[in-house]
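Fold and geometry: a report
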Amino acid sequence: MHSVEEVQKMSVVAPATGEVIAEIEETPVHEVPFFYQEARKAFGTWSTLAISERTGYLRKLKQLMVDEMDEIAKIISDDTGKVLTESIVADIMPTLDAIDHIINHAEKVLSRQKVKTPLLLIGKKSFVEYMPRGVVLVISPWNYPLQLAMVPMISALAGGNSVILKPSEVTPLVGKCIEDLFQRSGFPEGTVQVAHGGKEVGAAFTSGKPDYIFFTGSVRTGKIIQQQAAKDLIPTTLELGGKDPMIVFEDANLDRAVKAATWGAFTNSGQVCMSAERLYVQRSIYGKFLEKLKKEVDSLQLGNDIDSDVGSMTFPAQKDVVREQLDEALKQGAKLVTGLKPSDWKEDMFLPLTVITEVEQNMKIIQEESFGPLLPVVPFDTEEEAIAYANGTVYGLNASVWTQDKAKSRRVASKLVSGAVVINDVLITVANHGLPFGGTKESGIGRYHSEAGLRIFCHEKAIMEDMGFMKSEIQWYPYKGKYPLFLNLFKSYFAEKRDWLTFAKNYIALLKSNK
Ligand code: NAD
């Protein structure tokens, strides 16, 4: 497709060690139309396969991933700096579980569904059909580079679409690995294509008129993509950032809540869209909680060996975001419970795990996504105050509520403007593929996982069937003499207590008036 001189190469630097570990060829922007051409050609065949045939390919993909799980985990860890345990638990496992879920449910969810037909439409049958959209463009981020690319891909494929993936340029090795996995699973040519490169490549594909865009990434890029998609009325799902609150009431299981806050805030170095980014603790237990939290956080091991708890940051620019938020908060009077001020940080990509207090609700550290190992802790007095704090940002992806009082936990959960809420645990909704996943407010548009995650990639088509025996329908022309009959028909039909006799009399009269 292109001469060797034209090819741009991206150097892959392992964030945990700073070493250059590979070079990946960037996809030239002028190849975008060729990708779409191939994808459309492949769609012609792929879309005609039975769902069971498509899931047959997913089975092969799953087996290959099971066989090569250790190798894939190492690629993810090299590319992201996350510890191996997190690669396997939080990136590979959810992908495999999603494949399993789709294999088991796609047939039922995507096949023609019968819908009840009201009595007024007597003699007809109603159905919903799910028709694949065409070419789905998936654009994915670097923090869980496997699952956030593969789950939308396999969902779109199950529905009969062909897929183009543009993985994050920050983790191109995982992008290459995904390309390789699909290729070796034997998917028909052009059904799955992977384009490598940064935002220019992403932008070129976005304006290449796909039939659907599934984007996961920052609010900033999400808004750019939505604007571009609007020009061609391309439907989108946007899975964007979060600033997730964790609310701990005084009657919570304290030790569990402390461990959960530590894991929820610092897993993957805090680079999780659903991580606990704001901790609200009821004032009566605030001091005790902070003491336990500091102890727990200080016990974690940073590193990149097999037993480490927290790995490195992945993306150098993310360090600057965390630095800026922390500097601003400290300058305005916030206090470190544990961690270091940015001027004392080392040069490498391992950031100290930082807990901070005396923060105000209007600070960046509370209002803006940190996406790093930074946990501000704020005391609250009443349930209403905690809810107002939690709802007080532009985000609404996930939240957690901690209390032993079931009624209170459910009451508070219902009042949080959030795509998901976990009670007495953190983050875990994402692990149940049967639950919908997505954000409110600036955390995004749309849902995936669950039934919704398969159906969004299809046109939902309403179908009504009539046997076609009758010459005419009662509401067709001519209208002469029909008004009083319809008046009596609808009055009897929609009355609180249905008057069947009047209904039948007028219905028959209408049928007769058709002759
Ligand atoms: P990002 O927006 O910088 O990049 C995401 C992807 O978009 C990358 O592949 C990038 O190359 C591409 N891109 C960038 N500019 C583009 C443009 N103009 N047109 C088309 N594509 C473009 O995000 P990131 O830094 O990779 O990821 C971190 C963000 O993702 C965080 O805000 C995080 O909260 C969010 N995120 C959300 C979820 C979720 O499910 N809601 C999950 C993980 C991450």
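Residues numbered from 1 in each chain as written. Predicted model: local features only at pLDDT ≥ 70, side-chain atom pairs only at ≥ 80, totals over all residues. Heavy atoms only, no water.

Some thoughts on the overall build of the protein
When its secondary structure is counted, the protein shows 17 helices and 18 strands. Burial analysis of the protein (515 residues in total) assigns 53% to the buried set. If you take every contact in the protein between residues at least 6 apart in sequence, the share linking residues at least 24 apart comes to 72%. Measuring between centres, the 58 positive side-chain charges of the protein sit 13 Å from its 65 negative side-chain charges. (Helix = DSSP H or I, 4+ residues; strand = E, 2+ residues; numbered from the N terminus. Buried < 20%, exposed > 50% of the residue type's maximum accessible area, 1.4 Å probe, protein only. Contact = heavy atoms within 4.5 Å. Lys, Arg positive; Asp, Glu negative; His and termini not counted. Charge placed at Lys NZ, Arg CZ, Asp CG, Glu CD.)

Quick word on the confidence of the model for the protein
Looking at the protein as a whole, the pLDDT averages 97, with 99% of positions reaching at least 70. Of all helices and strands in the protein, the one with the weakest mean pLDDT is strand 1 (residues 9-13) (91), whereas strand 5 (residues 135-139) scores best (99). (pLDDT = per-residue confidence, 0-100.)

Observations regarding the environment of Asp180
Within the secondary structure, Asp180 is located in helix 6 (residues 172-184). Along the backbone, Asp180 and Val194 are 14 residues apart, and their C-alpha atoms lie at a distance of 9.4 Å.

Section: a nonpolar patch on the surface
Together, Leu119, Ile122 and Trp500 line one region of the surface with nonpolar side chains, adding up to about 300 Å² of accessible area. When you line up the elements, Leu119 lands in the loop between strand 3 (113-115) and strand 4 (124-132). (Patch = residues over 30% accessible without salt bridge, like charges linked within 9 Å, V, L, I, M, F, W, Y side chains within 5 Å. Areas by Shrake-Rupley, 256 points an atom, 1.4 Å probe, with all protein chains shown as cover. Salt bridge = Lys/Arg side-chain N within 4 Å of Asp/Glu carboxyl O.)

Section: the site of the ligand
Around the ligand, a shell composed of 30 residues is seen, among which Glu169, Ser218, Thr221, Leu240 and Glu369 lie nearest. One of the backbone N or O atoms of Ser140 is found 2.8 Å from an oxygen atom in the ligand. If the ligand stood free it would expose 850 Å²; the protein chains cover 91% of that surface. At 4 residues, the largest contribution of residues to the shell around the ligand is made by helix 7 (residues 199-206). Across the shell around the ligand, the residue classes break down as 14 nonpolar, 11 polar and 5 charged. Split by domain, the shell around the ligand shows at least three residues from each of two domains, domain 1 (31-240 + 451-461) and domain 2 (244-432). (Near = heavy atom within 4 Å. Polar contact = N/O pair within 3.5 Å; in protein donor to acceptor, adjacent residues only side chain to side chain. Nonpolar A, V, L, I, M, F, W, Y, C, P; charged D, E, K, R; others polar. Domains from an automatic or database assignment.)

Looking at the nonpolar core
Residues Leu61, Phe182, Met246, Val248, Leu279, Phe289 and Leu293 are the most contacted members of the largest nonpolar core, which totals 85 residues. Counting residues domain by domain, this core receives three or more from each of domain 1 (31-240 + 451-461) and domain 2 (244-432). Beyond its immediate stretch of four places on either side in the chain, Leu293 contacts Val258, Ala261, Thr262, Leu279, Val355, Leu375 and Val377. (Core = buried A, V, L, I, M, F, W, Y, C linked by side-chain atoms within 4.5 Å.)

Overview of unusual backbone geometry
Residue Pro478 follows Tyr477 across a cis peptide bond; omega there is 0 degrees. Its location among the elements puts Pro478 in the loop between strand 18 (458-466) and helix 16 (483-494). Positive phi, close to 55 degrees, is recorded for Ser450, a residue that is not glycine. Mapped onto the fold, Ser450 is located in helix 15 (residues 450-455). Residue Ser450 is classed as buried on the basis of its relative accessible area, which comes to 11%.

Describing the packing of aromatic side chains
In this structure the tally under the stated criterion is 21 aromatic pairs. A ring pair is formed by Phe437 and Tyr448, whose centres lie 5.9 Å apart and whose planes are at 85 degrees; its orientation type is edge-to-face. A residue pair is termed long-range when its members are at least 10 positions apart, and Phe437 in the loop between strand 16 (420-423) and strand 17 (444-445) and Tyr448 in the loop between strand 17 and helix 15 qualify at 11 residues. With respect to class, Phe437 is no different from Tyr448; both count as buried. Within the aromatic cluster, the residues linked to one another by ring pairs are Phe486, Phe490, Tyr493, Phe494, Trp500, Phe503 and Tyr507. (Phe/Tyr/Trp six-rings, centres within 6.5 Å; stacked < 30°, edge-to-face > 60°.)

A look at the sheet that holds strand 18
The 3 strands lie next to each other as 3-4-18, forming an open sheet whose pairing is antiparallel. What marks the edges here is a single partner per strand, and that holds for strand 3 and strand 18. Within this sheet the neighbouring strands show an average axis-to-axis angle of 30 degrees, counted without direction. By the bridge criterion, 9 bridges tie strand 4 to strand 18 in an arrangement that is antiparallel. Counted as the bridge partner of Tyr130 is Glu460 from strand 18. In this fold helix 4 (residues 84-110) packs onto strand 3, strand 4 and strand 18, with an angle of close to 40 degrees to the strand it touches most, strand 3. (Pairing = 2+ DSSP bridges. Axes fitted to C-alpha atoms, helices over the stretch in contact; angles between N-to-C directions.)

A word on the sheet that holds strand 5
Here 6 strands make up an open sheet; going across it, the order is 7-6-5-8-9-17 and the pairing mixed. Pairing within the sheet leaves two strands with one partner each, and these edge strands are strand 7 (192-194) and strand 17. Pairing between strand 8 (residues 212-216) and strand 9 (residues 236-239): 4 bridges, direction parallel. Pairing of Thr216 across the sheet is with Glu239, part of strand 9. The strands that helix 1 (residues 32-46) touches are strand 5, strand 6 (162-166) and strand 7; relative to strand 6, the one it contacts most, it runs at about 145 degrees.

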